[in-house]
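If you want the building blocks of each chain, they are given just below.
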Amino acid sequence: MILIADSGSTKTHWCLLTASGQRSEFKTEGINPFFLTQEQIKQNVSDQLLPQMGQLLWVGSVRHIFFYGAGCTPEKSPVVHDALKAVFRHAEVEVYSDMMGAARALLQHSEGVACILGTGSNSCLYDGEKFVKNVPALGFILGDEGSGAVLGKRLVADLLKNQLSEELKEQFLKEYNLTQADIIDRVYRQPFPNRFLASLSKFCADHIDNVMIHELVYYHFEDFVKRILKQYPPVPVGFVGSIAYYYKDILEKVMRNNYMQLATIVQSPMEGLVEYHKNDAQPTM
């Protein structure tokens, strides 16, 4: 059997796939080698994944692991590789970036642009096998257009600077039980401000029928198209991630209005990754 992982900084989605096509899926905390050491990753897998998998291991042994994760740059991938090898000693382990996972899931072996719009954002031009071009994401301070963190940042900034209605501002502060001082503290003094800001973006989804919120989200995606997508050639564009998925009606409209070819929008890359790797689960002679 093979084990496929799609990991962000917050959570990891695992899928155990047998030669007969049987699937078992699990969730654990996120694994990002920029924030976790090799030993911490090993502990994460041992404490959280193995207990869930234990009763299923009688089906066979894991012989191949395909791990796709945030932070899995060429410099950091060995940290994840070695941690997984320490747990699954007899498995072949391959570690790729979450961007490669998105490209394979969305486009399989076809040319196109793959985009991740979740807590952060990223994109690449994919030729069916490898990356051809990447417009740097640069994180939520310098970039990350289209992401949940930037959407949350824009929402909070507009609310606190009175660019949206007083009613919306009061509703937001009440719903999240926040003050302006709380927000400043979480953004500038606490760890993972990107996660905090992304969590606030849910307010937009809950109030998307408000004209001002709808316009804010529309121009959020418009910014992504103009600053990122227009640097790529006119090929099909696929999106993966919670922000793309939950605001897909607006994203589709922005794509149409900018004459962009939309391939697909999915919440998770796992279905596409299973399709991409299903032949790897076949027994070898």
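Residues numbered from 1 in each chain as written. Predicted model: local features only at pLDDT ≥ 70, side-chain atom pairs only at ≥ 80, totals over all residues. Heavy atoms only, no water.

**Topic: the overall build of the protein chain**
Part 1: On a plain count of helices and strands, the protein chain comes out with 13 helices and 10 strands.
Part 2: A globule of 285 residues ought to have a C-alpha radius of gyration of about 19 Å, and the protein chain, at 20 Å, matches this closely.
Part 3: Viewed in the frame of its principal axes, the protein chain has a C-alpha envelope of about 65 × 40 × 30 Å.
Part 4: Taken across its 285 residues, the protein chain has 47% of its residues classed as buried.
Part 5: Long-range pairs, those at least 24 residues apart, make up 65% of the contacts in the protein chain with a sequence separation of at least 6.
Part 6: The averaged location of the 32 negative side-chain charges in the protein chain is 2 Å from the averaged location of its 27 positive side-chain charges. (Helix = DSSP H or I, 4+ residues; strand = E, 2+ residues; numbered from the N terminus. Rg over C-alpha atoms; globule rule 2.2 N^0.38 Å. Buried < 20%, exposed > 50% of the residue type's maximum accessible area, 1.4 Å probe, protein only. Contact = heavy atoms within 4.5 Å. Lys, Arg positive; Asp, Glu negative; His and termini not counted. Charge placed at Lys NZ, Arg CZ, Asp CG, Glu CD.)

**Description of the environment of His207**
Part 1: Residue position: His207 is located in the loop between α9 (202–206) and α10 (211–227).
Part 2: For the pair formed by His207 and Leu138, sequence separation is 69 residues and the distance between their alpha carbons is 29 Å.
Part 3: Each residue touching His207, except ones within four places of it in the same chain, is listed here: Gln171, Glu175 and Ile213.

**A word on unusual backbone geometry**
Leaving glycine aside, a negative phi is the common case for residues, and trans is the common case for peptide bonds.
Part 1: With phi around 55°, Gln108 is a residue other than glycine that occupies positive phi space.
Part 2: In this structure Gln108 comes out as partly exposed when scored by relative accessible area, which is 22%.
Part 3: In this structure, Asp144 takes a positive phi of about 55° despite not being glycine.
Part 4: By the secondary structure assignment, Asp144 is in the loop between α4 (139–142) and α5 (148–160).

**Section: the sheet that holds strand β3 (residues 23–29)**
Part 1: Pairing in this open sheet of five strands is mixed, and the strands run β3-β2-β1-β4-β5 from one edge to the other. Either end of the sheet is taken by a strand with one partner, and the two such strands are β3 and β5 (92–97). Pairwise comparison of adjacent strand axes, ignoring direction, gives a mean angle of 15° for this sheet.
Part 2: In terms of strand pairing, strand β4 (residues 64–69) meets β5 through six bridges, oriented parallel. In the sheet register, Tyr68 faces β5, and the bridge partner there is Tyr96.
Part 3: Those strands touched by helix α3 (residues 98–107) are β4 and β5, and its axis lies near 90° from that of β5.
Part 4: The strands touched by helix α13 (residues 270–277) within the sheet are β1 (2–7), β2 (11–17), β3 and β4, with β1 carrying the most contacts at an inclination of about 145°. (Pairing = 2+ DSSP bridges. Axes fitted to C-alpha atoms, helices over the stretch in contact; angles between N-to-C directions.)

**Describing the nonpolar core**
The nonpolar side chains of soluble globular proteins are, as a tendency, buried together.
Part 1: With 44 residues, the main nonpolar core has Phe172, Phe221, Leu229 and Phe239 as its most contacted residues.
Part 2: Top contributing element to this core by residue count: α10, with seven residues.
Part 3: Within the second largest apolar cluster, 23 residues are counted, among which are Met1, Leu16, Met53 and Phe67. (Core = buried A, V, L, I, M, F, W, Y, C linked by side-chain atoms within 4.5 Å.)

**Details of the side chain of Ser201**
Part 1: Along the chain, the position of Ser201 falls in the loop between α8 (193–200) and α9.
Part 2: The buried category is assigned to Ser201, whose relative accessible area is 4%.
Part 3: Every residue in contact with Ser201, bar those within four places of it in the chain, is listed here: Gly148, Leu151, Gly152, Ile243 and Tyr247.

**Some words on the pairing of β3**
Part 1: As paired strands, β2 and β3 are joined by seven bridges and run antiparallel to one another. Along β3, the bridge assignment pairs Leu16 with Ser24.

**Observations concerning the packing of aromatic side chains**
Part 1: Following the criterion strictly, the structure yields 10 aromatic pairs and no others.
Part 2: Aromatic side chains Tyr218 and Tyr219 sit 5.3 Å apart centroid to centroid with 80° between the ring planes, which places their arrangement in the edge-to-face category.
Part 3: According to the relative accessible area criterion, Tyr218 is buried, its value standing at 14%.
Part 4: Between Tyr245 and Tyr246 the ring centres are 5.4 Å apart and the planes differ by 80°, which places this aromatic pair in the edge-to-face class.
Part 5: For Tyr246, a relative accessible area of 54% puts it in the exposed group. (Phe/Tyr/Trp six-rings, centres within 6.5 Å; stacked < 30°, edge-to-face > 60°.)

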